[in-house]
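Read off the chains here:
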Amino acid sequence: MLGNRIGVISCSGEECLGGTISRLAVRKMMEELKPGMVSTLCLPLFIAGDGGEREFAEKYPTIAVDGCSKCCAKRAIEKYSNKVAGSVDVAEIIGEAKALEKPLSTRNLTDEHMEYVKQTADKTCEIFDDILIKSV
């Protein structure tokens, strides 16, 4: 079983709400929905050329969770390592205009924002589960 050999890279964009949602969704996945089962990779280190980050994504399935339709995480994975095992675009879940809104401090997130986090985490978990099923 792949278990914690599935990677997830979230958006590092801090200039839009979608980036905040993507990072919180990956954190929710790691801490609540799939604890101990996920390896998270750091997009800035990945882009900067960290060998360990890139090597992991070459060897193991990796999911990109992007905050907007620029899909920086997906593009970086595919440029520097391998084809993504799956990708989530927050803008497809909450709408492009909403995803591009100014970011909020986590203290100021509303129930609506937390629902976006849940929807994004759930979508990422669906991809994660599909990868596990296919690996059996």
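Residues numbered from 1 in each chain as written. Predicted model: local features only at pLDDT ≥ 70, side-chain atom pairs only at ≥ 80, totals over all residues. Heavy atoms only, no water.

Novice: Any chance you could break down the sheet that holds strand β3 (residues 62-66) for me, citing the residues and the numbers?
Specialist: With parallel pairing, four strands are arranged side by side in an open sheet as β2-β1-β3-β4. Of all the strands in the sheet, the pair left with one neighbour each is β2 (39-41) and β4 (86-89). Here the strands of the sheet are splayed against their neighbours by 20° on average, with no regard to which way each runs. Here four bridges tie β3 to β4, and the two strands are oriented parallel to one another. When the bridges of β4 are listed, Asp 66 appears paired with Asp 89. (Pairing = 2+ DSSP bridges. Helix = DSSP H or I, 4+ residues; strand = E, 2+ residues; numbered from the N terminus. Axes fitted to C-alpha atoms, helices over the stretch in contact; angles between N-to-C directions.)

Novice: Describe the environment of Cys 42, naming the residues involved and giving the relevant values.
Specialist: Position of Cys 42 among the secondary structure elements: in the loop between β2 and α2 (43-48). On the basis of relative accessibility, which here comes to 31%, the residue Cys 42 falls in the partly exposed class. (Buried < 20%, exposed > 50% of the residue type's maximum accessible area, 1.4 Å probe, protein only.)

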